[in-house]
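So the chains spell out like this:
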Amino acid sequence: MLKYSKQREIIERTVKSFGSHPSAGEVYEYLHPLYPNLSLGTVYRNLTLLSETGAIQKLHMPDGSDRFDGQTRDHAHVVCERCGLVRDIDTPPQIGLADLVSEKTGFVMTGSQLLITGICEACRNGK
Ligand SMILES: [Zn+2]
Ligand SMILES: [Zn+2]
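Computed from a predicted structure; not experimentally measured.

Visitor: Mind showing me how you'd approach the packing of helix α1 (residues 4-18) against helix α2 (residues 24-31) here?
Guide: For any two helices packed against each other, one specifies the crossing angle of their axes together with the interaxial distance. Closest axis-to-axis distance for the α1/α2 pair is 11 Å, and the angle between their directions is 105 degrees. The angle between α1 and α2 falls in the class roughly perpendicular. Together, I10, I11, T14, V15 and F18 of α1 and E26, V27, Y30 and L31 of α2 make up the contact between the two elements. The class makeup of the residues in the contact of α1 with α2 is seven nonpolar, one polar and one charged.

Here it is as structure tokens:
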């Protein structure tokens, strides 16, 4: 049995190596042949924990599912409504947004997520 800290490290490394936006199930399917003792629940719990510490990002999809992202720099996502494809979009730093947030609401801004929905090229081309 793997130590908890070791499990977390493996899961973090796996998400970062994907370079895409895997679901917990995809991370589990990738790791399961290598670590047969790792359960889907453990994978999901560790992914959530890692997103809480800021090591990875958790993305809430419009269909209610979660995806995970090893890229922690600020960037926006566009997701295809039909096939669920997720792409990254680099966004310029949102200068002044933290000030606006605090002025309007009194909140201290700790992060922001922009998720744009659309229809990808493949789906648009009738596939
Ligand atoms: Zn699509
Ligand atoms: Zn991303």
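Structure's up, so let's keep going.
Visitor: Help me understand the nonpolar core in this model?
Guide: Proteins that are soluble and globular tend to have nonpolar side chains buried together. Core analysis: the largest hydrophobic core is formed by 13 residues, its most contacted members being I11, V27 and L47. Listed by contribution, the elements that provide at least two residues to this core are α1, α2 and α3 (40-52). Look past the residues within four positions of V27 in its chain and what remains in contact with it is I11, T14, V15, P22, V43 and L47.

Visitor: What is the right way to read the pairing of strand β1 (residues 57-60) from this model?
Guide: Regular strands have side chains that alternate between both faces of the sheet. By the bridge criterion, four bridges tie β1 to strand β2 (residues 66-69) in an arrangement that is antiparallel. Bridging across to β2, H60 finds its partner in D66.

What counts, and where the lines are drawn
Residues numbered from 1 in each chain as written. Chains lettered and ligands numbered in written order. Predicted model: local features only at pLDDT ≥ 70, side-chain atom pairs only at ≥ 80, totals over all residues. Heavy atoms only, no water. Axes fitted to C-alpha atoms, helices over the stretch in contact; angles between N-to-C directions. Helix = DSSP H or I, 4+ residues; strand = E, 2+ residues; numbered from the N terminus. Parallel < 35°, antiparallel > 145°, perpendicular 65-115°, else oblique. Contact = heavy atoms within 4.5 Å. Nonpolar A, V, L, I, M, F, W, Y, C, P; charged D, E, K, R; others polar. Core = buried A, V, L, I, M, F, W, Y, C linked by side-chain atoms within 4.5 Å. Buried < 20%, exposed > 50% of the residue type's maximum accessible area, 1.4 Å probe, protein only. Pairing = 2+ DSSP bridges.

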